[in-house]
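Chain by chain, the residues:
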Amino acid sequence: MPIAKKQAAACALLLLTLPACPGEKAVHAQDSAPAAKPDGPKSVKFDPKSLERLGIKVEPCGNNAEALDLEVPGSLEYNLEKYAEVGTLVDGRLTSVTVKPGDVVKKGHVLATLVVPSIANAQAEYLSAEAAAKTAKDNEARERALLEKGLTTAREAEVAKSEATKTTAELQATKARLQALGVGEPTAGTNISGAGKLTLTAPLDGVVVRRDAVLGRFLQAKETAFVIADPTDLRAGLNVYEADLPYFRVGEDADIRIDAMPGKAYKGKIILVEPQIGRQSRSARAYINVPNLDGTLKPGLFVRASIKLHDDIAQGRVLIPAPAVQPIGDDKVVFVEQSPGAFEVRKVKVTRTTTQVAEIGEGITKGEKCVVEGAFVLRGEVTKQ
């Protein structure tokens, strides 16, 4: 190694081993590292007298589940158990219409009459098959009697029996066709009474809520002519998101409020929660029965259905109003009261949340006092700090 390099290395080693001069601080590698950032304020304080003015309300967490409710929007619908769409299985022309929307009908009430050419053909085929079957049956009986007397052959008797069997099967086929068309068997011999006519009747008791049948119109098999329903028995159809499903149980009471009728509330019960969740909507359909004995409510009205989160629904969960949980940075926090006006900023783990309710998995225990209203005010103070 050259002499100059040796001297430089020795000087550097000497400097590292010498103590620092008085009044100077030795420089270490760790002294140059940046200081760790504080986690932020852990508490926030207010004058206790100003809490009410600021809208800050404190309650024990999870101890008053009945004060919480869950609201879900929906619309009124007919009860499908008392609902029917009436149409025809064949094309035909309407020759009479006997009801109008709003009419009360009983099961079997005649709604309309149609002329259907295919029915006349089917009735004629039935009469022809009936005559052929009768003739074949009589011939079979005659051949059997002649065979017993030795006046015919066994082959002739067998042919007569085969023909009787064939015509009987054809008669049954034409009878089934008449049943499929919804008409009875003609009974006037060779004279068809009311040939080609078909009557539409009400399949249940109810009210005619819709009529698409028009006198003289050609009605096709795929069309609905009348809708019969019971307007006194309605349902609220709701789309319940998967996070809300644990709180919706069959048999629970529900309050129904309607935007078009402010100030009025209706009582109902959850009668069905469908077991399947929509892949796109991530929700399941739920239904609440809504009695409508006075006929005030109309299907299609927008409703808001709310259920109370009773303790038996909460089942030990720590439930608090959703606005009590506030975001600070990447964390979700709740403000826990330490003393009047003093609140701890407590990080929590939210396991389930809706627009109204949050379920806390970790961070607070049932009974601790936390801010349930006005938490955003405290959040703003923390942000300032």
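It should be emphasised that the depicted structure is a prediction, and the values quoted were computed from it without experimental measurement. (Residues numbered from 1 in each chain as written. Predicted model: local features only at pLDDT ≥ 70, side-chain atom pairs only at ≥ 80, totals over all residues. Heavy atoms only, no water.)

## Description of the overall build of the protein chain
Item 1. Summing up its helical and strand segments, the protein chain has five helices and 22 strands in all.
Item 2. Buried residues in the protein chain amount to 34% of all 385 residues.
Item 3. Accessible surface computed for the protein chain: about 23,200 Å², of which carbon and sulfur atoms make up 54%. (Helix = DSSP H or I, 4+ residues; strand = E, 2+ residues; numbered from the N terminus. Buried < 20%, exposed > 50% of the residue type's maximum accessible area, 1.4 Å probe, protein only. Areas by Shrake-Rupley, 256 points an atom, 1.4 Å probe, with all protein chains shown as cover.)

## A short note on the packing of helix α2 (residues 117–149) against helix α3 (residues 154–181)
The description of two packed helices rests on the angle between their axes and on the distance between the axes.
Item 1. Two elements in contact, α2 and α3, have axes whose closest approach is 7 Å; the angle formed by their N-to-C orientations is 160°. Between α2 and α3, the angle is such that the two are roughly antiparallel. Crossing geometry of α2 relative to α3 is assigned as left-handed.
Item 2. Of the residues assigned to the contact of α2 with α3, the class counts are 15 nonpolar, six polar and 11 charged. (Axes fitted to C-alpha atoms, helices over the stretch in contact; angles between N-to-C directions. Parallel < 35°, antiparallel > 145°, perpendicular 65-115°, else oblique. Left-handed = near helix turned anticlockwise from the far one by under 90°. Nonpolar A, V, L, I, M, F, W, Y, C, P; charged D, E, K, R; others polar.)

## A closer look at the sheet that holds strand β11 (residues 224–229)
Item 1. Spatial strand order, β4-β11-β9-β6: four strands in an open sheet with antiparallel pairing. The open sheet has two edge strands, β4 (83–87) and β6 (104–105), and neither has a second partner.
Item 2. Judged from the four bridges that link them, strand β9 (residues 206–211) and β11 form a sheet pairing that is antiparallel. If you follow V207 over to β11, its bridge partner there is A229. (Pairing = 2+ DSSP bridges.)

## Considering the pairing of strand β16 (residues 302–308)
Item 1. When strand β3 (residues 69–78) meets β16, the two strands line up antiparallel, connected through seven bridges. The partner of L70 across the bridge, within β16, is I307.
Item 2. Judged from the four bridges that link them, strand β13 (residues 253–258) and β16 form a sheet pairing that is antiparallel. Across the sheet, residue R257 finds its bridge partner in β16, namely R304.

## Digging into the nonpolar core
Item 1. Of all hydrophobic cores here, the largest spans 30 residues; its most connected members are V105, L111, L200, F226 and I228.
Item 2. Those elements that place two or more of their residues in this core are β4, β7 (110–115), α2, α3, β8 (197–201) and β11.
Item 3. Broken down by element, this core gets its largest block of residues, six residues, from α2.
Item 4. Judged by nonpolar contacts, the second largest core, of 27 residues, contains Y247, M261, Y266 and V303. (Core = buried A, V, L, I, M, F, W, Y, C linked by side-chain atoms within 4.5 Å.)

## Structural notes on the state of the cysteines
Item 1. Counting across every chain of the model gives one disulfide.
Item 2. Linked covalently through their sulfurs, C61 and C370 form a disulfide whose S-S length is 2.4 Å. Of the two residues, C61 sits in the loop between β2 (57–60) and β3 while C370 sits in strand β22 (residues 369–373), which places them 309 residues apart along the sequence. Each member of the pair, C61 together with C370, is buried. (Disulfide = S-S within 2.5 Å.)

## Here's the deal with the sheet that holds strand β5 (residues 92–97)
Item 1. Reading across from one edge, β8-β7-β5-β10 is the order of the four strands in this open sheet, with antiparallel pairing throughout. Each end of this open sheet is capped by a strand with a single partner; those strands are β8 and β10 (218–219).
Item 2. The pairing of β7 with β8 spans five bridges and is classified as antiparallel. Within the sheet, the bridge partner assigned to T113 lies in β8 and is T199.

## Notes on α3
Item 1. An ideal rise of 1.5 Å per residue puts 40 Å on 28 residues; α3 measures up with 41 Å between its terminal C-alpha atoms.
Item 2. Every buried residue belonging to α3 is among A157, A160, A164, T167, L171, T174, L178 and L181, and all of these are buried.
Item 3. At its buried positions, α3 is contacted by α2 and β8. (Expected span 1.5 Å × (residues − 1). Contact = heavy atoms within 4.5 Å.)

## With respect to the environment of E52
Item 1. If you trace the backbone, E52 turns up in the loop between β1 (43–45) and β2.
Item 2. Expressed as a C-alpha distance, the spacing of E52 and G374, which sit 322 residues apart in the sequence, is 9.6 Å.

## Quick word on the side chain of T167
Item 1. Here T167 lies in helix α3.
Item 2. For T167, a relative accessible area of 5% gives the class buried.
Item 3. Reaching out from T167, the side chain makes a polar contact with the backbone oxygen of A164 at a distance of 3.1 Å.
Item 4. Ignoring anything within four residues of it in the chain, the contact list for T167 reads A129, A132, A133 and A136. (Polar contact = N/O pair within 3.5 Å; in protein donor to acceptor, adjacent residues only side chain to side chain.)

## What about the pairing of β3?
Item 1. Pairing of β3 with strand β12 (residues 233–241) involves five bridges; the strand directions are antiparallel. What sits directly across from E77, in β12, is R235.

## With respect to unusual backbone geometry
Item 1. With a phi close to 55°, R282 is a non-glycine residue in the positive phi region.
Item 2. Along the chain, the position of R282 falls in the loop between β14 (265–273) and β15 (283–291).
Item 3. Residue R282 is classed as partly exposed on the basis of its relative accessible area of 36%.

## Digging into the environment of K134
Item 1. With respect to the helices, strands and loops of the structure, K134 is situated in helix α2.
Item 2. For K134, a relative accessible area of 54% gives the class exposed.
Item 3. Taking the C-alpha atoms as reference, K134 lies 8.4 Å from T167; in sequence the two are 33 residues apart.

## Comments concerning the side chain of E143
Item 1. In this fold, E143 is placed in helix α2.
Item 2. The buried charged residue E143 lacks any salt bridge, with R142 as its nearest oppositely charged partner at 5.1 Å.
Item 3. Apart from residues no more than four positions distant in its own chain, E143 is found in contact with T152, E156, A157 and A160. (Lys, Arg positive; Asp, Glu negative; His and termini not counted. Salt bridge = Lys/Arg side-chain N within 4 Å of Asp/Glu carboxyl O.)

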